[in-house]
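# Descriptive structure summary
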Amino acid sequence: MKQLEELNDSQRIAAEHLDGPLMVIAGAGSGKTRVLTYRIANLIAKGVAPFSILALTFTNKAAKEMKLRIGNLVGEEHARNLWMGTFHSVFARILRVESQRINFPSNFTIYDTQDSRSVIKDVVKSLALDDKVYKPNTIHGRISMAKNNLIGPTAYAQNSEALAEDHQAGRPRTGDIYAAYQARLFRSGAMDFDDLLYKMNTLLRDFPDLLAKYQHKFRYLLVDEYQDTNFSQYLIIKQLAEGHHNVCVVGDDAQSIYSFRGADISNILNFKKDYPESVIYKLEQNYRSTKVIVAAANSVIGKNQDQIQKTVWTDNGEGEKVLVHRALTDKDEGYFVADSIFDVHHNKQAAYSDFAILYRTNSQSRAFEEQLRKRNLPFRIFGGLSFFQRKEVKDLLAYYRLTANSADDESLKRIVNYPARGIGKTTIDRVAAAAGTRDISLWDVLTDEEMRPDGIAKGAWGKLQDFVSMIRSFSASMAKQNAFDLGQHIAMHTGLLGTLHRDKTPEGVARYENVQELLAGIKSFSSEPVEDDPEAVKTLVDYLIDVALLTDVEQEDDDPNKVGLMTVHSAKGLEFPYVFVVGMEEELFPSSMANGTREELEEERRLFYVALTRAKKKATLSYAVSRFRFGKFVQNDPSRFIEEIDEQYVDLPVATSGGGASGWGARRPAGGERWSGGGAKGYYKGGGKSGAVAGTGSRAGAGGAAAARKAAEKAIGGLGGATPKLKKVARPAVVTETATGEAGGIAPGVEVVHERFGKGKVLKIEGDAPHLKATVFFPTAGQKQLLLQYAKLKVLA
DNA sequence: TGGAATGATGTTTTT
DNA sequence: CATCATTCCA
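All values reported here derive from a predicted model rather than from experimental measurement.

The next point concerns the sheet that holds strand S2 (residues 53–57). Here 6 strands make up an open sheet; going across it, the order is S3-S2-S6-S7-S1-S8 and the pairing parallel. The strands lining the two open edges of the sheet, one partner per strand, are strand S3 (83–86) and strand S8 (279–283). Across the sheet, the axes of successive neighbouring strands diverge by a mean angle of 15°, strand direction being ignored. Direction of pairing for strand S1 (residues 22–26) relative to S8: parallel, over a ladder of 5 bridges. Paired with methionine 23 across the strands is isoleucine 280, a residue of S8.

Structure (structure tokens):
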């Protein structure tokens, strides 16, 4: 294939490798996607049938783009037949075909995290356990970890390590919950995300003919981001590759950032052991970033102990130093970033899409949204509360899911009384109880008069029957009607659309629009032709298969020229000329959840490495001295990662001193100890901060701090001056009362503006310092009682 | 039964 | 501060 000439030597050698196991260790920006793309194209050019190539990527979007590029190289008609997608989507597709083997319907429902938690919660309740002890979140994490390591409920009950851990944690019945949870999923014809991988393993383990079939089918395997595979994924690959050993994995240990979901670096480290005959190539030349960015990133990642030795270098220009900006508050940080983007956009003719704002946690996006909006800079938030997780969207999808799979209890419970049809909680509880004792689905109870639980009155039962026949009428046309026609019909016929339309509050209008957007999405889905059969109709079932594993990042946007806002995690694999890594503070990045052990800290460091290496031209880091978080102002030191960058590549902010009562100023508390001794975890010490109340229990801080605090309290009318709640936290938060002045002028007779209710007049103020309550009259919304603590009231001049 | 009001609780990252 | 769950009232 002559296009191989477009590659550099090491890229080309890797791409030309045909048979036998191959591992490519690819530094950031070294063109690993290119290698994958060209290698696949080359295989096809050499006569390998596209349908015998399986390529697993990290996101569906990556797969889509790669397919497109391969299509450009060897023709779209070939690329189309490739097996390409995420582990989850590819194996979900196979599971749909083979599901009878494990007694699942082919249209099984895929439960998302919310669904899973809800089931767990229910199970915990039915086992008469305390959900304060058995928190759905925690339990789900345990179950997920077990599944990722292919430990089923039975094995779990015999796993001494797991049992010991659960016992230690005071949750000895975790295994029982796991077993009951699986039983419930089975009963509902549902699989959770982890099941998609787990059950694929089950198929390959229990059905030799299937193993042989897929080993034979997939003659060439390619895995992108191999460093982020977990055991479950690893084993699928290993088994499929058994016969022919034509497996090519690509990855970068320095970018392994998913250990929280079971990713195991040892998969990449042990590749040579699994395939002794394997060839390993390293791609070390970076084509993406400036010399400064590459060097800065290298200096940071060098602090990690666990890594495969490699030297990433670049021929690109020197570039600007990494700029570090110190903002006073998160709001200022937002202002700074928006301002910088505005500036560069105008002065350097950069497109909006040339900018990305990367943060550690989704909740940080808000400050940037606001500031970007103010400057009229178009932006798009990736991830976060995904479109598909919105209540109204999930509601409509629940109707679709139930229509497709009537055993889906979660969906049934969700919508049986939405919109309201007079079916109350008591009624549903009784139905659920009856289903539980017989181990059948709720639907099975509803569709059998014999099953009618005692205590359900004729009236309620009648309403349930109406519901059943409505769903049945939908199901009847599911197989033949196209997705949009039926989808629209359901949205209207159930009354869901009407209910939302009647709600004229801003939120209600937004919800209505979201549902319309969902329908629009279904419409465009319906209008695409079915791959091999242009005559066939795209049904709602087809849509559901697609939509369950779609993420926000993958949703197309009508106008791609927008500033991107996303977490560092979701930025993996992407690149932007200008990157802002924000919230560079201790406790946030590195996260307070993850600096207990060296391993965890190293993962945070790799995450930072990923963030930095997204930048092509310029990287800017910013931190806020004080951040509004959790309803309070919290103060943290600049992230240690800033210091870890070799200083010759950084442009640090000028250290100003002074700065009001609090005396922030020093960029960092003078040298000193970051960690107090003591426990294994080590608690962070407040360092030299005055004006801050450090620690959970401390009442007033010492000396000057007390005075400063008093002054601050006075300035804000005593608001927020409450003694911090005594609450057990792993690491004491540092709380600062800043004088926002917002409460100052609020008094009876004053005109104020509320975010939601608009303009209003304060009638009276009552209550004590922390819980001041204002009675305000709003012409538009009537008289309201508002807690000044929470309500954002602005005084009208 | 439905809805509003009040209270508890929670925040890492994602398929 | 936001979301959720529970509670309380019509």
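Let us keep going from here.
A few words now on the confidence of the model for chain A. Here chain A shows a mean pLDDT of 82. Residues at 70 or above account for 81%. Within chain A, helix H31 (residues 704–715) has the poorest average pLDDT of any element, 32, and strand S15 (residues 576–581) the best, 97. Contacts of residues 656–740 to residues separated by more than four positions or lying in other chains number 117 contacts, the stretch itself having pLDDT below 50.

Turning our eyes to something else, we now look at the nonpolar core. In terms of nonpolar packing, the biggest core is built from 51 residues, with Leu397, Tyr399, Tyr400, Phe467, Leu518, Leu519 and Tyr543 touching the most fellow members. For phenylalanine 467, the residues in contact, after removing those within four places along its chain, are Tyr399, Leu402, Leu412, Ile415, Val416 and Arg421. If you look at the next biggest cluster of nonpolar residues, it comprises 43 residues, including Val568, Tyr609, Ile645 and Tyr649.

This paragraph deals with the pattern of salt bridges. If you walk through the whole model with that rule in mind, you get 44 salt bridges. Taking the shortest distance from any N to any O, the salt bridge between arginine 142 and glutamate 165 comes out at 2.8 Å. With a gap of 23 residues between them, arginine 142 in helix H7 (residues 136–148) and glutamate 165 in helix H9 (residues 160–168) connect regions that are remote in the sequence. Across the pair aspartate 166 and arginine 142 runs a salt bridge whose closest N-O atoms are separated by 3.0 Å. In this pair, aspartate 166 is assigned in helix H9 and arginine 142 in helix H7, connecting sequence segments 24 residues apart. Classification of aspartate 166 as buried rests on a relative accessible area of 2%. The network of salt bridges with shared partners includes Lys32, Asp224, Glu225, Asp228 and Lys572.

Along the chain, the position of leucine 18 falls in the loop between helix H1 (9–16) and S1. Sequence-distant contacts of leucine 18, that is, excluding residues within four places in its chain, are made with Arg39, Asn42, Leu43, Lys46 and Tyr220.

This brings us to H1. Taken as a whole, H1 has its buried residues at Gln11, Ala14 and Ala15. Seen end-on, H1 carries its buried residues on one side only, within an arc spanning 95°. Where H1 is buried, its residues meet S1, helix H2 (32–45) and S8.

Moving on to the side chain of threonine 57. Mapped onto the elements of the fold, threonine 57 is located in strand S2. Residue class for threonine 57 comes out buried when judged on its relative accessible area of 3%. Of the polar contacts made by the side chain of threonine 57, one reaches the backbone oxygen of threonine 59; its length is 2.9 Å. In this structure, threonine 57 is in contact with Ala62, Ala63, Met66, Gly85, Thr86, Phe87 and Asp224, ignoring residues within four places of it in sequence.

Buried within helix H18 (residues 365–374) we find Ser365, Ala367, Phe368, Glu369, Gln371 and Leu372. Buried-residue contacts for H18 involve helix H17 (330–347), strand S12 (355–359), strand S13 (379–381) and strand S14 (563–567). The first or second residue beyond H18 is asparagine 376, which carries a positive phi of 60°.

The rules behind each value
Residues numbered from 1 in each chain as written. Chains lettered and ligands numbered in written order. Predicted model: local features only at pLDDT ≥ 70, side-chain atom pairs only at ≥ 80, totals over all residues. Heavy atoms only, no water. Pairing = 2+ DSSP bridges. Helix = DSSP H or I, 4+ residues; strand = E, 2+ residues; numbered from the N terminus. Axes fitted to C-alpha atoms, helices over the stretch in contact; angles between N-to-C directions. pLDDT = per-residue confidence, 0-100. Contact = heavy atoms within 4.5 Å. Core = buried A, V, L, I, M, F, W, Y, C linked by side-chain atoms within 4.5 Å. Buried < 20%, exposed > 50% of the residue type's maximum accessible area, 1.4 Å probe, protein only. Salt bridge = Lys/Arg side-chain N within 4 Å of Asp/Glu carboxyl O. Arc of directions from axis to C-beta. Polar contact = N/O pair within 3.5 Å; in protein donor to acceptor, adjacent residues only side chain to side chain.

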